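Per-entry structural report
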Amino acid sequence: MDPRVLIAKRAAQELKDGQLVNLGFGMPTQASNYLPDGVKVMFHAENGVFGVGPKPRAAEATADMTNAGSEPVTLAPGAAIMDLATSLGAMRSGLLDVTILGALEVDQCGNIANWAVQRNGKWWPGIGGAMDLCYGTKMVIACLMHTDKDGASKILKQCTLPLTGKGCVKTIITDKAVFDVGENKLILKEHAPGVTLDEIRASTEADFEVAATFGQMNL
């Protein structure tokens, strides 16, 4: 299975019926394709839509109806469109139950970095509404590849990049594992199919303990 699909599928399993959910750019947007049977949620796009519907067919897409990543969307029954200031106000006020964010790094204290990275000695920022979401959402789920292209862990003792949110992440989902954030350490809950505990230990810088219920992701 494609690692990005695996992460999106597992992230979708965290969603519960009736929740109000924001999906961040990239992998998180795919989670809407894999909702468990019987689960109905309302998706929010930070650029000003409550009630984002299924992705339209190419012939039905319009540039006037997109999510915050400029991807075409449809509207679900009962949807509401608003200006950006109202949408950001809703994000900051605690109305959202869950946000699923992509990340560059996360750490064992629940910190997340996803808005700035150095390339060729220069910072490339792209903050968007992520800080507002980290501040105002009840549950933040971080989705990312477990290691970078050189094999270095992205699940750290302490983030090295500028933080997006401090102590806000509750669950971390990677292509290798699922962690909950505990008290200054992570709790390893699940492993991806074909991934061993030894592999996870070897590729994780952060401190973690293994849950008594540790087992394979049910995808």
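Use the structure listed above.
A brief look at the structure comes next. Fair warning: this is a prediction, and the values are worked out from it, not measured in the lab. (Residues numbered from 1 in each chain as written. Predicted model: local features only at pLDDT ≥ 70, side-chain atom pairs only at ≥ 80, totals over all residues. Heavy atoms only, no water.)

What follows concerns helix α1 (residues 3-12). By the criterion of burial, α1 is predominantly enclosed, with seven of the 10 residues buried. Here α1 has its buried residues at Val5, Leu6, Ile7, Ala8, Arg10, Ala11 and Ala12. Residues of α1 that are buried sit in contact with α2 (27-30), β5 (98-102), β10 (139-143), β12 (169-173), β13 (177-181) and β14 (186-191). At the N-terminal end of α1, a side-chain oxygen is found 2.8 Å from the backbone nitrogen of Arg4, two or three residues along, and the residue is Asp2. (Buried < 20%, exposed > 50% of the residue type's maximum accessible area, 1.4 Å probe, protein only. Helix = DSSP H or I, 4+ residues; strand = E, 2+ residues; numbered from the N terminus. Contact = heavy atoms within 4.5 Å. Polar contact = N/O pair within 3.5 Å; in protein donor to acceptor, adjacent residues only side chain to side chain.)

In a structure, side chains of opposite charge can pair up when their charged atoms sit close to one another. Counted by the stated rule, this structure contains eight salt bridges. Between Asp180 and Lys189 there is a salt bridge, and its shortest N-O distance comes to 3.6 Å. When its relative accessible area of 22% is taken as the criterion, Lys189 is described as partly exposed. Taken together, the salt bridges that share partners define one network made up of Arg10, Glu14 and Glu190. (Salt bridge = Lys/Arg side-chain N within 4 Å of Asp/Glu carboxyl O.)

Before going further, it helps to spend a moment on the sheet that holds strand β7 (residues 112-113). Pairing in this open sheet of three strands is mixed, and the strands run β7-β6-β11 from one edge to the other. Each having just a single partner strand, β7 and β11 (155-156) make up the two edges of the open sheet. Where strand β6 (residues 105-107) lies against β11, two bridges are found, and the strand directions are parallel. Across the sheet, Asp107 pairs through a bridge with Leu156, a residue of β11. (Pairing = 2+ DSSP bridges.)

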